[in-house]
Amino acid sequence: MGKIRAITGLTILITFVLAAFVWAGPALLITPKLGLGYRYDSNYYTSPANSAGVHTYLVEPGIGVQFSTAKSMISFDYTASPTFYDDADDLQPGQIKASKADYVGHDLALNAMTQPSERLELALSETYSLTRDPDKLDQYSNETGKDKYYINTLSPRALYRFTDRFSGQATYRNTITDYDDDASEDNQENRGIFDVIYNLNSKSSLDLEYQLWARDYDMLTSDYTSHQGKLIYRQQFHYFQLEAGAGYQSREFDAVGIKDIETFTYRVALEGQNPPDDGDPRSYVRAAFSSNFNDAGSGNEYYKGPELSLAGGHRFLEKIYLDVWTSYRKSDYETTYGLNSSSVLVLREDDTYEMGARLGYKIIEPVIISIEGGYKNRDSNVAAYSYDNTYVMGRIDTALEFGRRAN
């Protein structure tokens with residue numbers, strides 16, 4: 001199914017390319033790239049008691065292609081990720097060699113946009129990942145499993161500007177998640193997103209957004225339908241962009257006996273960089289404070305809670321890059337219970353903290369070496385879900401551009 005979806009998306013994108021040739025002044029940019037990396041995790045399997053160190057070796061060749069004209073754009077980005085594991089500690093009874101999890105990951109992104117008229121904009125995106133990274137499942141993912149799976153998302157979008165101040169946008173998004181392990185639960189989500197946007201002036205806008213989506217599971221997890229409405233304010237300053245939005249979500253389950261849930265949802269975010277319009281700024285900062293339900297809830301495990309994330313970076317002497325980040329998330333589960341350290345049955349509640357830093361050096365124009373380190377701690381009132389992990393990683397990355405950028 002994932003291969004069929006990728007071919008379908010590529011076919012539609014080729015149609016965008018043919019339409020793009022109608023417009024004059026095409027630009028084509030081709031970017032071969034290669035990344036090599038090594039990582040050590042002190043607790044790769046995120047165990048609360050028997051931590052196991054694992055070495056990870058990465059080889060990441062890839063290519064990016066971007067074609068653009070005055071009214072259209074199409075881009076293709078692909079990275080293969082042969083990934084190899086090796087145990088850093090002696091195996092405990094019952095543990096399987098880390099090398100048994102060796103695999104070749106894939107990341108594919110296809111994007112296209114065209115403007116048939118001054119008021120109408122059409123866009124399409126397709127992403128495909130074959131990975132063991134549980135964080136790709138969901139923006140608010142609290143998963144720790146290392147099962148291999150693919151996640152494929154296809155999303156067409158149409159924007160129409162009725163006047164200089166007033167516009168409407170409709171987006172459809174289909175997401176398929178499919179595991180290699182038959183015991184894990186595959187699922188599919190179909191989502192519609194509808195926006196009514198009013199521009200207060202050239203730098204500020206109001207967005208009334210409504211989302212409706214259904215997620216269907218293949219096995220025991222209940223299917224559900226969610227409705228969400230939000231009002232979002234956006235303001236652009238010279239160096240900063242502010243977003244503040246709030247709304248309400250209700251989630252209805254198909255299975256009998258599972259109580260419907262609802263929550264107040266919000267997001268406040270601030271992003272800034274200097275220079276303001278540079279793709280490689282000297283300095284940047286990002287901060288976000290948000291709360292909502294997780295969407296991927298295998299086993300009917302759903303939670304809400306605030307999440308705070310902070311990140312920033314600076315480029316020194318045009319060759320030295322420093323990035324730092326930290327985050328905190330509270331996962332307040334709706335119906336998931338477990339035993340605490342006193343063997344008392346409690347409703348699960350997790351506090352997860354994470355911090356990290358990366359230092360990079362540009363040896364020559366296309367080659368950057370970097371070293372990164374981080375720490376993650378999850379403190380749960382259900383003892384079986386607490387863990388901490390420290391990691392260090394070294395990388396070398398290069399990317400060469402051929403062709404001409406759009407003016």
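Refer to the preceding data block for the structure.
Below you will find a few notes about this structure. The written sequence of each chain sets the order in which its residues are numbered from 1. Note on the predicted model: pLDDT of at least 70 is required for a residue's local features to be given, and 80 or more for side-chain atom pairs to be given and counted; whole-chain, interface and lining totals, by contrast, use all residues. Working from all heavy atoms in the structure, the side-chain values ignore hydrogens and water.

Right, let's talk about the packing of aromatic side chains for a bit. Centre distance within 6.5 Å is the pairing criterion for rings of Phe, Tyr and Trp, where only the six-membered ring of Trp is used; planes under 30 degrees apart are then read as stacked, over 60 as edge-to-face, and the remainder as tilted. What the rule picks out here adds up to 14 aromatic pairs. Between the aromatic rings of Tyr-149 and Tyr-179, the centroid separation amounts to 5.3 Å while the plane-to-plane angle is 40 degrees, which identifies the pairing as tilted. Note that Tyr-149 is positioned in strand S6 (residues 149-161) and Tyr-179 in strand S7 (residues 166-179), a separation of 30 residues in sequence. Burial here depends on accessible area, computed with a 1.4 Å probe over protein chains only, as a share of the maximum for the residue type. Under 20% is buried, over 50% is exposed, and the range in between is partly exposed. Taking the relative accessible area as the measure of exposure, Tyr-149 reaches 1% and is therefore buried. Relative to Phe-253, the ring of Tyr-224 has its centre 6.0 Å away and its plane inclined at 65 degrees; by these criteria the two rings are edge-to-face. Here the residue Tyr-224 occupies a position in strand S10 (residues 224-236), and Phe-253 occupies one in strand S11 (residues 240-253), the gap between them amounting to 29 residues. For the pair shown, Tyr-224 and Phe-253 are each scored as buried. Feature note: the residues Tyr-44, Tyr-45 and Tyr-85 constitute an aromatic cluster, connected by ring pairs. Counted as over-ring charges are cases with an Arg CZ or a Lys NZ within 6 Å of the ring centre that also lie within 35 degrees of the ring normal. Cation over ring: Arg-39 sits above Tyr-391, and NZ or CZ is 4.0 Å from the ring centre. Under the DSSP-based scheme used, a helix requires at least four consecutive residues in state H or I and a strand at least two consecutive residues in state E, with every element numbered from the N terminus.

With that settled, consider the side chain of Arg-395. Note on placement: Arg-395 falls in strand S19 (residues 387-399). Of note is the side chain of Arg-395, whose polar atom sits 2.8 Å from the side chain of Glu-60. Residue contacts for Arg-395: discarding those within four places in its chain leaves Gly-35, Leu-36, Gly-37, Leu-58, Glu-60, Ile-368, Ile-369 and Ser-370. Here a polar contact is recorded for every N or O atom pair within 3.5 Å, except that within protein the pair must consist of a potential hydrogen donor and a potential acceptor, and residues adjacent in sequence are included only if both atoms are side-chain atoms. Contacts are residue-level and defined by heavy atoms, with any inter-residue pair within 4.5 Å sufficient.

Right, let's get into the pattern of salt bridges. Salt bridges, as used here, are contacts in which a Lys or Arg side-chain nitrogen is within 4 Å of a carboxyl oxygen on Asp or Glu. Under the defined criterion, the tally for this structure stands at 26 salt bridges. One salt bridge in this structure joins Asp-107 and Lys-136, with 2.7 Å as the shortest N-O distance. Taken together, the positions of Asp-107 in strand S4 (residues 103-114) and Lys-136 in the loop between strand S5 (120-131) and S6 put the pair 29 residues apart, joining distant regions of the chain. The partly exposed category is assigned to Asp-107, whose relative accessible area is 25%. Judged by relative accessible area, Lys-136 falls into the partly exposed class, the value being 33%. Between Asp-397 and Arg-395 there is a salt bridge; the shortest N-O distance is 2.7 Å.

Glancing now at the environment of Trp-325. Of note, Trp-325 is situated in strand S16 (residues 320-339). Between the C-alpha atom of Trp-325 and that of Leu-110, which follows or precedes it by 215 residues, the distance is 28 Å. The residues contacting Trp-325, other than those within four sequence positions of it, are Leu-310, Ala-311, Glu-354, Met-355, Gly-356, Ala-357, Arg-358, Glu-372 and Tyr-391.

Moving on, we get to the pairing of S16. In summary, the side chains of a regular strand alternate between the two faces of the sheet. By definition, two strands form a pair when at least two bridges between them are found by DSSP. Across two bridges, the pairing between strand S14 (residues 303-304) and S16 is antiparallel. Considered in S16, the bridge of Lys-304 is made with Asp-332. Alignment of strand S15 (residues 306-316) against S16, held across 10 bridges, turns out to be antiparallel. When the bridges of S16 are listed, Glu-307 appears paired with Arg-329. Connecting the antiparallel pair S15 and S16 is a turn made up of three residues, with Leu-317 showing a positive phi of about 55 degrees. Of the pairings in the sheet, the one linking S16 to strand S17 (residues 345-364) comprises 16 bridges and is antiparallel in character.

In this section: the pairing of S7. Direction of pairing for S6 relative to S7: antiparallel, over a ladder of 11 bridges. Bridge pairing in S7 places Tyr-150 opposite Asp-178. Hairpin connection, S6 to S7: the antiparallel pair is bridged by four residues.

In globular proteins that are soluble, nonpolar side chains generally tend to be buried together. Here the nonpolar core consists of buried residues drawn from Ala, Val, Leu, Ile, Met, Phe, Trp, Tyr and Cys, with membership extended through side-chain atoms lying within 4.5 Å. If you look at the biggest cluster of nonpolar residues, it comprises seven residues: Trp-213, Tyr-217, Tyr-224, Phe-253, Ile-261, Phe-293 and Tyr-302. Excluding anything up to four places from it in sequence, Tyr-217 contacts Glu-185, Asp-186, Asn-187, Ser-222, Asp-223, Asp-295, Ala-296, Gly-297, Ser-298 and Tyr-302. The next biggest cluster of nonpolar side chains, apart from the first, holds six residues, and it includes Leu-108, Leu-110, Tyr-150 and Ile-176.

A few words now on the side chain of Ser-380. Its place among the elements puts Ser-380 in strand S18 (residues 367-380). Judged by its relative accessible area of 8%, Ser-380 is buried. Within polar-contact distance, the side chain of Ser-380 engages the backbone nitrogen of Val-382 at 3.1 Å. Apart from residues lying up to four places away in sequence, Ser-380 is in contact with Arg-348, Glu-349, Asp-350, Tyr-385 and Ser-386.

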